[in-house]
Amino acid sequence: MIAGADKHQDLILTALPVVFYAAAPDERLYRPWVSQNSARITGFTPEAFASDPGLWVSRLHPDDRERVLAEFLKLPPDGACTVEYRWLMADQTYRWFLDTAVFTRESGAGDRRLAGLWMDVTKRKAAEAELEASRAELERSREELRALAGKLLTVQDEERRRISRDLHDDVSQRLAVIGLELEAVYGSLRSSSSPFKRQLRAIHKQVVRLSDDLRHLAYQFHQTIVEDLGLVVALQRYVNDFVRRTGVKARFIKRRVPEFLAQDVATCLYRVAQESLGNVAAHAKASHVTLELIGSDDEIRLTVRDSGVGMDVEAVRQRSRGLGLLSMTERVRLLNGSVELRSRPGQGTEVSVRLPLTMDQP
Ligand SMILES: Nc1ncnc2c1ncn2[C@@H]1O[C@H](COP(=O)(O)OP(=O)(O)OP(=O)(O)O)[C@@H](O)[C@H]1O
Ligand SMILES: [Mg+2]
């Protein structure tokens, strides 16, 4: 034996929370030889293990016992195994042990023996449990946030629907009546060049413009437009309107769009187009924009690509206070879809959304 090896062995046995053991194969772990440090680590001396064949098994945690014994029973003659379990110490507290065992041949002898170690891993287990708990907590709050985001989007949709209805059915009608009355007053004025008449005409024009803007606003908020006209027609109208308002050239390409789209899918794509075109108008300074609506067997994809100033996507993700891209992403996620945002400063922007086509089509 190398000089000093005993010293090293002693050092290992005193410093590490590891007990070494050996047992005859037929006895498996009944009546094992254990290293001297077992008293410090388990509270039981090597003599206690040697004299009580049931000691190790009897102190396995009831919830772990069956699993651990099964693991040892199925150990083949030249196999190895590693299991973890709780074990009741002499002080009646449970601690976690990692048990690694191998079958090995004693030098000189023909017999195989089981050799192994018990390592106290209670601290690691506690840390793992803590990590697991915080992971579960994180997942729970993420779920709550998702539910909240979903609810907010629904509330937003309902609110938009209400505002749209009020604007359209009430405010816009009343404005139309005012317009008609102004027109009547204008018509009844005799003198054709009085400044009053000119002023009246200007007011009338403003009322007509206001009424147009209001109708546009109501139209923008209106959700049933997709339900009433279908996605393709609704989008085409929206694009036409966008071109008229902004002067940006637009192309709308559609291919293999399913005839029947689930309502939530259609509405979601319409909203994505609205948000994206809204962003093109507000931020892109683009000369043209292309919308592509393309279906396949199991999904539908909407891409909005502009030729504008682009952006630094990471910087926007971290710093933007806007809600457009966020709510778009959330809407799409609620329908199990995905959003891709590709852009670089000076290189235009592309928003691409994929939604799976669901089975329950109308
Ligand atoms: N097509 C685009 N071209 C250039 N920049 C864009 C484009 N779309 C979005 N951005 C940038 O990304 C930011 C975030 O967009 P987002 O739609 O989330 O918010 P917003 O438009 O600023 O505000 P909101 O949509 O809530 O009115 C914008 O402020 C803009 O800087
Ligand atoms: Mg926006």
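Here's what I pulled together on the structure shown here. On a predicted model such as this, the values are computed, not experimentally measured, just so you know. (Residues numbered from 1 in each chain as written. Chains lettered and ligands numbered in written order. Predicted model: local features only at pLDDT ≥ 70, side-chain atom pairs only at ≥ 80, totals over all residues.)

## Considerations on the packing of helix H6 (residues 122-188) against helix H12 (residues 324-334)
- It is at 10 Å that the axes of H6 and H12 come closest, and there the two elements cross at 105°. Taken together, H6 and H12 sit at an angle that is classed as roughly perpendicular. Seen from H6, the contacting residues are Ala149, Gly150 and Leu153; seen from H12, they are Ser327, Glu330, Arg331 and Leu334.
- Taken together, the residues of the contact of H6 with H12 sort by class into three nonpolar, two polar and two charged. (Axes fitted to C-alpha atoms, helices over the stretch in contact; angles between N-to-C directions. Helix = DSSP H or I, 4+ residues; strand = E, 2+ residues; numbered from the N terminus. Parallel < 35°, antiparallel > 145°, perpendicular 65-115°, else oblique. Contact = placed C-beta atoms within 7 Å. Nonpolar A, V, L, I, M, F, W, Y, C, P; charged D, E, K, R; others polar.)

## Some thoughts on the pairing of strand E9 (residues 338-343)
- Sheet analysis places E9 next to strand E10 (residues 349-356), joined by six bridges and oriented antiparallel. Paired with Leu341 across the bridge in E10 is Val351.
- Hairpin connection between E9 and E10: a loop of five residues separates the two successive antiparallel strands, and Gly346 in this loop has a positive phi of roughly 80°. (Pairing = 2+ DSSP bridges.)

## Let's talk about the site of ligand 1
- Asn279, Ala284, Gly322, Gly324 and Leu325 are the nearest of the 18 residues found near ligand 1.
- Those elements that place two or more of their residues in the shell around ligand 1 are helix H10 (263-284) and H12.
- The greatest single-element share of the shell around ligand 1, amounting to five residues, is contributed by H10.
- Split into classes, the residues belonging to the shell around ligand 1 amount to nine nonpolar, eight polar and one charged. (Near = placed C-beta within 6 Å.)

## Observations regarding the nonpolar core
- Of all hydrophobic cores here, the largest spans 29 residues; its most connected members are Leu269, Val272 and Ala273.
- Counting residues per element, this core draws most heavily on H10, which supplies nine residues.
- Aside from chain neighbours lying at most four places away, what touches Val272 is Leu302, Met328, Val332 and Val353.
- In this structure, Ile41, Phe49, Val68 and Leu114 belong to the second largest nonpolar core, which totals 16 residues. (Core = buried A, V, L, I, M, F, W, Y, C linked by C-beta atoms within 7 Å. Buried ≥ 20, exposed ≤ 12 C-beta atoms within 10 Å, placed from the backbone.)

## What to know about the sheet that holds E10
- Sheet architecture is open: five strands sit in the order E6-E7-E8-E10-E9, paired in mixed fashion. Across the chains shown, the open sheet's two edge strands, defined by having one partner strand only, are strand E6 (249-255) and E9. Each adjacent strand pair in this sheet contributes to an overall mean axis angle of 10°, direction not counted.
- Judged from the eight bridges that link them, strand E8 (residues 299-306) and E10 form a sheet pairing that is antiparallel. Of the residues in E10, the one forming a bridge with Leu302 is Val353.
- Each of strand E7 (288-295), E8 and E10 touches H10; the most contacted strand, E8, lies at about 10° to it.
- Contacting E9 and E10, H12 runs over the sheet at an angle of about 145° to E9.

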